Amino acid sequence: MKLSIFTVAVPDLDAHALASAAAAAGIDGIEWRYRGIPEDALSEQPSFWRNNRCSIDPDKWQEQVPVFREAALAQGRQSIALVPYLNCGDMAATEQAFQTASQLGASMMRVGVPGYERSTAYPELYTKAVRYLNEVQDMATQYNIKAIIETHHQTIAPTASLAYRLVQSLDPQYIGVLYDPGNMVHEGYENHRMGLELLGPYLAHVHVKNAGWYKDNAGNTSDRAALPASGESEQLLSTSWQCHWAPLTEGMVDWVQMVRDLRAVGYDGYYGIEDFSGALDSRAMLQHFADVFAEIERRVYEEEQV
C-alpha cells in the first residue's frame, strides 16, 4: 500500500521537516500545496489555508521548487503531485502550474472545476468545464503529467458520477479523478463501490480524511446526536445539522470498507492523507495515518486469504 501526504494538512512544518516526518512514518509520496501565503497571515499561527509553511508560492516557484524537490529527495521521498487551486478556464495559471509540476518531477496535478452556488445554471458550468478540460488535456500531453479533478463539495463534481461526466470523453492516460470520500460526506455521497466501478480507468488518486454530521455547532463525537424519530417534525425543523471534519478513525467514512472497495476495482495508487480534524499534531497525525493503514492493509489481506 502506497501512502502520501498532501502538505495542506501539515501547515506548521516546512519542506525539510515534512520530508523528515514523512520518512519517519514510512510515507513515500508528497503532494505539495501550491499557493502563496497572504501578507497579513505571515504573523499568524500556522493554519491549513492561510499561514501554511509547507506551500510553494506560485509567484516564487522558480526559486522555491528546487528547495522542495531536494527536500523530498534527501529523505528518499517522491514528489508525486502538485496541488494548486486553479480557476476553471484560467489557462495561463494552469500552464504555469504544469511548468512547476514538471520542474518538481510530479506525475499528477490537480486542475479546477467550477464551483456551484445556484447563481449560474449547471449546463453552462458543465460546458465551460469540458471546454477547459479539453485544453488541459493538450497541456497534460505536452508535459506528460496527468491532470486530475477532485470530487469536492460545492463544485459541479461532488460525486463520482458527476466527475465521470466531465472526463468521460477524455483520455484517461492524461485526465483522471481524485476520489475523496471525506469530501463526499459534506456533499455527494454515492455507494462507493458503484462510483469506483463507474470511474474505471479515470480513478487516479485517493485522498484520506473523515467527516461527520453533528447537531447544531457540535464538532466532536461526544456531542453527536441521532436524527429525530419518524413523526417528530417539530424537532426536525428546529434542529440544525452541520458537517465537520473528524479524526481519521471517526466520522462517516468506513476506511476498512473503503479499502476493500478500492482493492475490488484494482486500485493500486497512493492513499494521500489530508486530515483537517486537528486532533493530533502534524508528526503524530502522520504516524497515526501510517499505523491505521498498516492495520487496515493487514486486516483486508487476511480477509482475502480466506
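Refer to the preceding data block for the structure.
Residues numbered from 1 in each chain as written. Predicted model: local features only at pLDDT ≥ 70, side-chain atom pairs only at ≥ 80, totals over all residues. Heavy atoms only, no water.

K.L.:
I'd like a rundown of the pattern of salt bridges, residues and numbers included.
P.N.:
Enumeration over the complete set of coordinates arrives at 13 salt bridges. In this structure, the salt-bridge partner of E303 is R260, at a minimum N-O distance of 2.8 Å. Highlighted residues: E303 in helix 10 (residues 282–305) and R260 in helix 9 (residues 255–264), separated in sequence by 43 residues. Here R263 makes a salt bridge to E304, at a shortest N to O gap of 2.8 Å. (Salt bridge = Lys/Arg side-chain N within 4 Å of Asp/Glu carboxyl O. Helix = DSSP H or I, 4+ residues; strand = E, 2+ residues; numbered from the N terminus.)

K.L.:
How would you summarise helix 3 (residues 91–104) if you had to cite specific residues and measurements?
P.N.:
Its 14 residues give helix 3 an end-to-end C-alpha distance of 20 Å, which sits within 8% of 20 Å, the value for a rise of 1.5 Å per residue. Those residues of helix 3 that sit buried are M91, T94, A97, F98, T100, A101 and L104. Where helix 3 begins, the side chain of D90 points an oxygen toward the backbone nitrogen of A92, at a separation of 3.4 Å. One or two residues past the end of helix 3 sits G105, with phi positive at roughly 90 degrees. (Expected span 1.5 Å × (residues − 1). Buried < 20%, exposed > 50% of the residue type's maximum accessible area, 1.4 Å probe, protein only. Polar contact = N/O pair within 3.5 Å; in protein donor to acceptor, adjacent residues only side chain to side chain.)

K.L.:
Describe the pairing of strand 4 (residues 78–84), with residues and values.
P.N.:
In terms of residue burial, strand 4 counts as a mostly covered element, since six of its seven residues are buried. Relative to strand 4, strand 2 (residues 29–34) is paired through six bridges, and the arrangement is parallel. Note that in strand 4 the partner of Y34 across the bridge is P84. Direction of pairing for strand 4 relative to strand 5 (residues 108–110): parallel, over a ladder of two bridges. Pairing of A81 across the sheet is with M108, part of strand 5. With respect to chirality, the unit in which strand 4 leads through helix 3 into the neighbouring parallel strand 5 is right-handed. (Pairing = 2+ DSSP bridges. Right-handed = clockwise from strand over helix to strand, strands pointing away.)

K.L.:
Just give me the short version of the pairing of strand 8 (residues 203–208), but keep the residues and values in it.
P.N.:
Along strand 8, six of the six residues are buried, which leaves the element largely enclosed by surrounding structure. As paired elements, strand 7 (residues 175–179) and strand 8 share three bridges and run parallel to each other. Considered in strand 8, the bridge of L178 is made with H205. Bridging between strand 8 and strand 11 (residues 270–273) involves three bridges; their strand directions are parallel. By the bridge assignment for strand 11, H207 is matched with G272.

K.L.:
Just give me the short version of the packing of aromatic side chains, but keep the residues and values in it.
P.N.:
Scanning the model with the defined rule gives twelve aromatic pairs in all. Clustering of aromatic rings is evident, with ring pairs tying together W255, Y267, Y271, F289 and F293. Above the plane of the ring of Y85 lies R110, whose end atom (NZ or CZ) is 4.7 Å from the centre. The ring of Y126 has R165 sitting right over it, with the charged end atom 4.0 Å from the ring centre. (Phe/Tyr/Trp six-rings, centres within 6.5 Å; stacked < 30°, edge-to-face > 60°. Lys NZ or Arg CZ within 6 Å of the ring centre and 35° of its normal.)

K.L.:
Explain helix 5 (residues 160–167) to me, using residue names and the numbers behind them.
P.N.:
Among all positions of helix 5, only A160, A163, L166 and V167 are buried. Relative to the axis of helix 5, the buried residues are bounded by an arc of 120 degrees and lie together on one face. For helix 5, the secondary structure elements touched by its buried residues are helix 4 (122–143), strand 6 (146–150), strand 7, helix 6 (183–186) and helix 7 (192–199). (Arc of directions from axis to C-beta. Contact = heavy atoms within 4.5 Å.)

K.L.:
How would you summarise the packing of helix 5 against helix 7 if you had to cite specific residues and measurements?
P.N.:
Helix 7 packs onto helix 5 with a crossing angle of 5 degrees between their chain directions and a minimal axis gap of 9 Å. Comparing their axes, helix 7 and helix 5 come out roughly parallel. Contacts between helix 5 and helix 7 involve A160, S161 and Y164 from the first element and G195, L198 and L199 from the second. (Axes fitted to C-alpha atoms, helices over the stretch in contact; angles between N-to-C directions. Parallel < 35°, antiparallel > 145°, perpendicular 65-115°, else oblique.)

K.L.:
Describe the layout of surface pockets, listing the residues and the values that go with them.
P.N.:
Over the atoms a probe the size of a water molecule is rolled, and this reveals where empty space is left. Approximately 480 Å³ is the volume attributed to the largest pocket. Contributing to the lining of the largest pocket are 20 residues, with L86, G112, V113, G115 and T155 lying nearest its centre. Within the lining of the largest pocket, the residues separate by chemical class into eight nonpolar, seven polar and five charged. (1 Å grid on protein atoms, 1.4 Å probe; cavity = no way out; pocket = protein on both sides within 12 Å on 5 of 7 lines; lining within 4 Å. Points joined across faces, edges and corners; volume = space filled by probe spheres on them. Nonpolar A, V, L, I, M, F, W, Y, C, P; charged D, E, K, R; others polar.)

K.L.:
An account of unusual backbone geometry is requested, with residue identities and associated values reported.
P.N.:
For N144, which is not glycine, the phi dihedral falls at a positive 55 degrees. Looking at where N144 falls in the secondary structure, it is placed in the loop between helix 4 and strand 6. For N144, a relative accessible area of 56% translates into the label exposed. In this structure, Q154 takes a positive phi of about 65 degrees despite not being glycine. Residue placement: Q154 occurs in the loop between strand 6 and helix 5.

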